[in-house]
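A look at the structure
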Amino acid sequence: QRELRGSTTQELQGEEEEHTWSAVSEFSETVMARHRNAMIVSLSVPIAAVAPALAAAERAALDNNFLLAAVGRAGVGSMILAFIPLLVDPPSAMQYVAAVSAFRGSLPRDASAIVERCPREAKLHFSVWGSSPTDLEAMRAVKRALDPAGILNRGRFLL
């Protein structure tokens, strides 16, 4: 409050503050409890790209029969996105693929969008980690250095 000086218009306190922080911290679980076919995406973008990334996520969601819900820390570029199906019946796996592909395609090179949760059938058609020009090879190098015999988590994440 002292750092923001006079720019704050409202301050939450007590039970109202606790309820708000609880809702933020339990966002993914609440969405999945209400919408079992939702897709949860962890987004990390440069601060300047937050607004365009959210707009792109909303377009990708609506174009593929999802609604977008988001929570996070826009000031550091860290968000959790929920793509919630518009229909009661589960969307096809290709709708998830199209939504995440369109969204990732609109992000800057230094952003990441990791799919944390979605129906298993959809996961068969795309990488939940996304693509990055350097991350995969760096992860493989660390895995080789720490597990040269390849006995830990065989085939789980890295080959």
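Read on for an overview of the structure. Within each chain, residues carry numbers counting from 1 in the order of the written sequence. Predicted model: local features are reported for residues with pLDDT of at least 70 only, side-chain atom pairs are reported and counted for 80 or more only, and whole-chain, interface and lining totals are derived from all residues. Side-chain measures here rest on the full set of heavy atoms in the structure, leaving out hydrogens and waters.

The next point concerns the overall build of the protein chain. Assigned secondary structure in the protein chain consists of six helices and four strands. N-terminal to C-terminal, the α/β element order of the protein chain is α-α-β-α-β-β-α-β-α-α. Dimensions along the principal axes, computed over C-alpha positions, put the protein chain at roughly 55 × 40 × 30 Å. Within the span of the protein chain, comprising 159 residues, buried residues form 29% of the whole. Counting contacts in the protein chain only where the partners sit at least 6 residues apart, residues at least 24 apart contribute 62% of the total. Asp and Glu are treated as the negative residues and Lys and Arg as the positive ones, with His and the ends of the chain left uncounted. The atom standing in for a charge is NZ when the residue is Lys, CZ when it is Arg, CG when it is Asp and CD when it is Glu. If the 16 positive side-chain charges of the protein chain are averaged to one point and the 17 negative ones to another, these points end up 10 Å apart. Here a helix means four or more residues in a row that DSSP labels H or I, a strand means two or more in a row labelled E, and each is numbered from the N terminus. For the exposure calls, accessible area comes from a 1.4 Å probe over protein chains only, and a residue counts as buried if that area is under 20% of its type's maximum, exposed if over 50%, partly exposed in between. Here, two residues are considered to be in contact whenever any of their heavy atoms come within 4.5 Å of each other.

Turning next to the environment of Leu-86. Its place among the elements puts Leu-86 in the loop between strand 3 (78-85) and helix 4 (93-105). Separated by 43 residues in sequence, Leu-86 and Leu-43 place their C-alpha atoms 22 Å apart. Here Leu-86 is in contact with Asn-65, Phe-66 and Leu-67, once residues within four sequence places are set aside.

Attention now moves to the nonpolar core. Counting 28 residues, the largest nonpolar core has Met-39, Phe-83, Phe-103 and Phe-126 as its most contacted members. When contributions to this core are tallied by element, the ones reaching two or more residues are strand 1 (39-44), helix 3 (50-63), strand 3, helix 4 and strand 4 (112-117). Setting aside anything within four residues of it in sequence, one finds Phe-126 in contact with Met-39, Tyr-96, Val-97, Val-100, Arg-104, Val-115 and Cys-118. The nonpolar core is taken to be a set of buried Ala, Val, Leu, Ile, Met, Phe, Trp, Tyr and Cys residues, with the residues joined through side-chain atoms within 4.5 Å. Formed by eight residues, the second largest nonpolar core is a distinct cluster that contains Val-31, Met-32, Val-71 and Ala-82.

Glancing now at a nonpolar patch on the surface. A cluster of nonpolar residues, Leu-62, Leu-67, Leu-86 and Leu-87, forms a patch on the protein surface that exposes about 390 Å² of accessible area. Mapped onto the secondary structure, Leu-62 falls in helix 3. A patch is a set of surface residues, each over 30% in relative accessible area and not in a salt bridge, joined within 9 Å for like charges and within 5 Å for the nonpolar side chains Val, Leu, Ile, Met, Phe, Trp and Tyr. We get accessible surface area from the Shrake-Rupley algorithm with a probe of 1.4 Å; when it comes to residues, only the shown protein chains can shield them. Here a salt bridge means any side-chain nitrogen of Lys or Arg lying within 4 Å of a carboxyl oxygen belonging to Asp or Glu.

With that out of the way, let us pick up the environment of His-125. Along the polypeptide, His-125 turns up in the loop between helix 5 (120-123) and helix 6 (135-146). Taking the relative accessible area as the measure of exposure, His-125 reaches 44% and is therefore partly exposed. C-alpha separation for the pair His-125 and Tyr-96, spaced 29 residues apart in sequence, amounts to 9.0 Å. Beyond its immediate chain neighbours, meaning those up to four positions away, His-125 contacts Ala-93, Met-94 and Val-97.

Here we come to the sheet that holds strand 1. A pair of strands is treated as paired once DSSP finds two or more bridges between them. In space, the four strands of this open sheet follow the order 2-3-1-4, with antiparallel pairing throughout. At either end of the open sheet lies a strand with only one pairing partner, and these are strand 2 (66-73) and strand 4. The mean angle between the axes of side-by-side strands here comes to 25°, regardless of whether they run parallel or antiparallel. As paired elements, strand 2 and strand 3 share eight bridges and run antiparallel to each other. For Ala-69, the partnering residue across the bridge sits in strand 3 and is Ala-82. What counts as an axis is a line fitted to C-alpha atoms, over the stretch in contact for a helix, and the angles between N-to-C directions run from 0 to 180 degrees.

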